[in-house]
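As a plain string of letters, each chain reads:
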Amino acid sequence: MSLILAKKIAWHILLSQGLGFEECRQAVKSFYSKSRAINDGPVVDHLKKSPSVYNMMMDNSLISKFQNSFTSWIQKNKFNTCSGLELFEPDISQGSTQSFDSFFLRHPDKKHKFFLGEYLYHIVVKKNLGQKWSFILDHTELSKGDALILSVPFCDTGNAPKQLDQILTHCTEQKIPVLLDLSYYTISHGINIDLNFDCIDTVSFSLSKTFPVAYARIGMRYTRKESMDGQKLHSNINYDNRISAGIGLHVIEKFPSDYVVNKYLDLYHKVAAKLDLDASQTMIFADGTNDWSSYGRKELLTAYGLEDDSKFYKNRICLTELLENKQLIEEFLHD
Amino acid sequence: MTRFEFYFKNINNIGAKIPQIEIRLNDSTIYTGQVKNQIVTEAMTMGQNKLEIAFVNKVNRDTIVNAHGDIVKDLNFELDRVVIDHRDIEHLIWDSHYRHAGGKIDGCLFFGPLGSFILEFETPVLKWMLKTNHEKNNNDPEWEEDYNYYTEAWNKIHKK
């Protein structure tokens, strides 16, 4: 019943966007499998008033202003905490992706490990580069010579990984460098991360899931003061993408890091309950039963040649499109 | 009212004589006149419909042959596309026949001899297309479910 309602809503939203029957039919298949930011009206309006490209490019202080503002912006979040961020040095990143690539480059001889269900980018990159990698189910499968990338909240569930502190303790003992991918941090709640573990090599944030700025590739990487690579070199010589920084600064100066959760949390829970989905700690994701198997990331996995792994993934359902159609969704909620 | 768009091509006159047609829907005339590249008209449909495009002004002397009996000039034209309610019926246009004095030709869009192109279709035309395609190819078992979602959403949006 809930899946039928979900399909009705999807058809309604897509048809309202002016798509024809066949286009809707195609789009319905991937309607719930995305992971994009909510196109929030006030944010979109504000983005339309972004500073001029020329002014951003010519502003020599823009990168440092953005880096400094970003740290305090993250630390003021009312729903989550990450203690120890001050132990790290920020440098702007082209989304989180550049941080991942830099991590791969700095640890080329390590075997990179990911918990099952992790962000598909890593797997696709590792497979195509023919580099050592593997999935793991438990932190005891991590040993010296490995490197770990871990999303918090976890990519497949939207929830904080179980036993995060045990994982980080184990990695510290085994001298395993860890990249914590906090891309969903600013659209989640109840996430408390202790960054005081020596194994933590990199902490990455992104604005792509928080605000509709994914195509501006705005992220922030935090690394240890002593670490050095190409990304940090460019940061040190002030040779970074000022347009990304300018747009990022423009948006975080106006909207706090808990804006999305503050605004959408109630609606998110109502929608998840109505569709019989298990709510997660991340605003745009909820977990579906097996009935939803065609609507999770299955198609994406197939597109990436990873169909064999699909049975291990949760049916992660993305509610972004529903949250950004509040008025319509409330009609369905009351039907 | 249902909107019909007919697209014709390769329209060949004989001197000043232009092919003339009569389009009938369920035996009621909905267009009479010259063949043009595009003809748009509206008519009331029923569930089951018979569309007929009759070539009405061809006579024997409109086909000119040389000493070897080869046709050198002819009054003729071709039907290219039929669009019903903004939906191109695409390959289903070939599920038709051309009836003329000499008999019936299946899937013929060429108007050579005096005669009529006849196509039977159902409305709503989208439902007919989905159903017919599935019956032919057995590759779209979800057509009816998706059609119903589409119709429900469309009605809800247009009721407002």
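Please read these numbers as outputs of a predicted model, since none were measured by experiment.

S.K.: In this structure, what is going on with the overall build of chain A? I would like to understand it.
M.R.: Of regular secondary structure, chain A possesses 14 helices and 12 strands. Taking 2.2 N^0.38 as the reference for a compact globule, 335 residues should give roughly 20 Å; the C-alpha atoms of chain A span a radius of gyration of 20 Å, in line with that estimate. Structurally, chain A occupies a C-alpha span of about 60 × 50 × 35 Å along its principal axes. Taken across its 335 residues, chain A has 47% of its residues classed as buried. A separation threshold of at least 6 residues defines the contact pool for chain A, and within that pool the share at least 24 residues apart is 72%.

S.K.: Teacher, can you tell me more about the environment of B:Pro19 here?
M.R.: Within the secondary structure layout, B:Pro19 lies in the loop between β1 (2-12) and β2 (20-25). With near-sequence residues (within four places) excluded, B:Pro19 lies in contact with B:Ile11, B:Val35, B:Phe55, B:Asn57, B:Leu75, B:Asn76, B:Phe77 and B:Phe111.

S.K.: Explain the pairing of strand β6 (residues 178-181) of chain A here, please?
M.R.: Looking along a regular strand, one sees side chains alternate from face to face of the sheet. Residues and elements named next belong to chain A. Going residue by residue along β6, you find Val178 and Leu180 tucked away on one face and Leu179 and Asp181 tucked away on the opposite face as well. In this sheet, β6 lies alongside strand β5 (residues 146-151) in parallel orientation, the contact comprising 4 bridges. Bridging across to β6, Leu150 finds its partner in Leu180. With helix α8 (residues 164-173) bridging β5 and its parallel neighbour β6, the resulting β-α-β unit is right-handed.

S.K.: What is the right way to read the sheet that holds strand β10 (residues 96-100) of chain B from this model?
M.R.: Pairing between the strands of a sheet is mediated by backbone hydrogen bonds and can be parallel or antiparallel. Residue and element names in this part refer to chain B. Taken in spatial order, the 6 strands line up as β3-β2-β5-β13-β10-β11 in an open sheet, and their pairing is antiparallel. With partners counted over all chains shown, the strands left at the sheet margins are β3 (28-34) and β11 (103-106), one partner each. Within this sheet the neighbouring strands show an average axis-to-axis angle of 20°, counted without direction. Sheet topology note: the β2/β3 ladder contains 6 bridges and is antiparallel. Among the inter-strand pairings, Gln20 is bridged to a residue of β3, identified as Gln34.

S.K.: I tried to follow unusual backbone geometry on my own but got confused; where do I start?
M.R.: Glycine aside, a negative phi is what most residues show, and trans is what most peptide bonds show. With omega at -5°, the peptide bond leading from A:Val152 into A:Pro153 counts as cis. Relative to the helices and strands, A:Pro153 resides in the loop between β5 and α8. A cis geometry characterises the amide bond from B:Thr123 onward to B:Pro124, with omega recorded as 0°. Along the chain, the position of B:Pro124 falls in the loop between β13 (115-122) and α1 (125-137). The phi dihedral of A:Lys175 is positive, around 55°, even though this residue is not glycine. Position of A:Lys175 among the secondary structure elements: in the loop between α8 and β6. The class of A:Lys175 is exposed, set by 12 C-beta atoms lying within 10 Å. Phi is positive for B:His86, which is not a glycine, with a value near 65°. Turning to its location among the elements, B:His86 is positioned in the loop between β8 (76-84) and β9 (87-88).

S.K.: Please clarify how the pairing of strand β12 (residues 315-318) of chain A should be interpreted in this entry.
M.R.: Residue and element names in this part refer to chain A. Here β12 shows two buried faces, one formed by Asn315 and Ile317 and the other by Arg316 and Cys318. Across 4 bridges, the pairing between strand β11 (residues 285-288) and β12 is antiparallel. Its bridge partner being in β12, Asp287 is matched across the sheet by Arg316.

S.K.: What's the story with the domain arrangement of chain B in this structure? I'm lost.
M.R.: Interfaces are often described in size by the accessible area the parts lose on coming together. All names here are of chain B. Domains assigned within chain B are domain 1 (2-123) and domain 2 (126-160). Relative to domain 2, the C-alpha centre of domain 1 lies at a distance of 29 Å. Facing the 6 residues of domain 1 at the interface are 4 residues of domain 2. Residues of the side of domain 1 that touches domain 2, tallied by class, amount to 3 nonpolar, 1 polar and 2 charged.

S.K.: Which parts of the structure should I look at to understand the sheet that holds strand β2 (residues 88-94) of chain A?
M.R.: Residue and element names in this part refer to chain A. In spatial order, the strands read β2-β9-β8-β6-β5-β3-β4; together these 7 strands make up an open sheet with mixed pairing. Strands at the two margins of the open sheet, each flanked by one partner only, are β2 and β4 (133-136). Strand-to-strand twist across the sheet, computed as the mean angle between neighbouring axes with direction ignored, equals 20°. One ladder, built from 3 bridges, connects strand β3 (residues 111-115) with β5; its direction is parallel. Across the sheet, residue Lys111 finds its bridge partner in β5, namely Asp146. The sheet contacts of helix α5 (residues 62-75) involve β2, β8 (200-206) and β9 (218-224), and relative to β2 the element is tilted by about 115°. On the sheet, helix α6 (residues 97-106) packs against β2, β3, β5, β6, β8 and β9 and is oriented at approximately 115° with respect to β2.

S.K.: Which parts of the structure should I look at to understand helix α11 (residues 259-274) of chain A?
M.R.: Every α-helical turn comprises 3.6 residues, leaving residues that sit three or four positions apart pointing alike. Residues and elements named next belong to chain A. Taking 1.5 Å of rise per residue, the 16 residues of α11 would be expected to cover 22 Å, and the 24 Å separating its terminal C-alpha atoms lies within 8% of that figure. The sharpest bend along α11 reaches about 50° and sits at Leu265. Buried within α11 we find Tyr259, Val260, Val261, Tyr264, Tyr268, Val271 and Ala272.

S.K.: Which parts of the structure should I look at to understand the interface of chain B and chain A?
M.R.: With 9 residues of chain B at the contact, the number on the chain A side is 9 residues. The element that contributes the greatest number of residues to the side of chain B that touches chain A is helix α2 (residues 143-159) of chain B, accounting for 8 residues. Its residues assigned to classes, the side of chain B that touches chain A shows 6 nonpolar, no polar and 3 charged.

S.K.: I keep staring at α2(B) and nothing clicks. Help me out?
M.R.: With 17 residues, α2(B) ought to run about 24 Å at 1.5 Å a step, and its terminal C-alpha atoms sit 24 Å apart, in line with that. Residues B:Tyr149, B:Tyr150 and B:Ala153 constitute the buried set of α2(B). The buried residues of α2(B) occupy an angular sector of 95° when projected down its axis, which confines them to one face. For α2(B), the exposed residues lying more than 90 degrees away from the buried face are B:Asn155, B:His158 and B:Lys159. Considering only its buried residues, α2(B) is in contact with α1 (2-16) and α2 (21-30) of chain A.

So, how was this worked out
- Residues numbered from 1 in each chain as written.
- Chains lettered and ligands numbered in written order.
- Predicted model: local features only at pLDDT ≥ 70, side-chain atom pairs only at ≥ 80, totals over all residues.
- Helix = DSSP H or I, 4+ residues; strand = E, 2+ residues; numbered from the N terminus.
- Rg over C-alpha atoms; globule rule 2.2 N^0.38 Å.
- Buried ≥ 20, exposed ≤ 12 C-beta atoms within 10 Å, placed from the backbone.
- Contact = placed C-beta atoms within 7 Å.
- Pairing = 2+ DSSP bridges.
- Right-handed = clockwise from strand over helix to strand, strands pointing away.
- Axes fitted to C-alpha atoms, helices over the stretch in contact; angles between N-to-C directions.
- Domains from an automatic or database assignment.
- Nonpolar A, V, L, I, M, F, W, Y, C, P; charged D, E, K, R; others polar.
- Expected span 1.5 Å × (residues − 1).
- Bend = angle between axes of the 7 residues up to and from the residue.
- Arc of directions from axis to C-beta.

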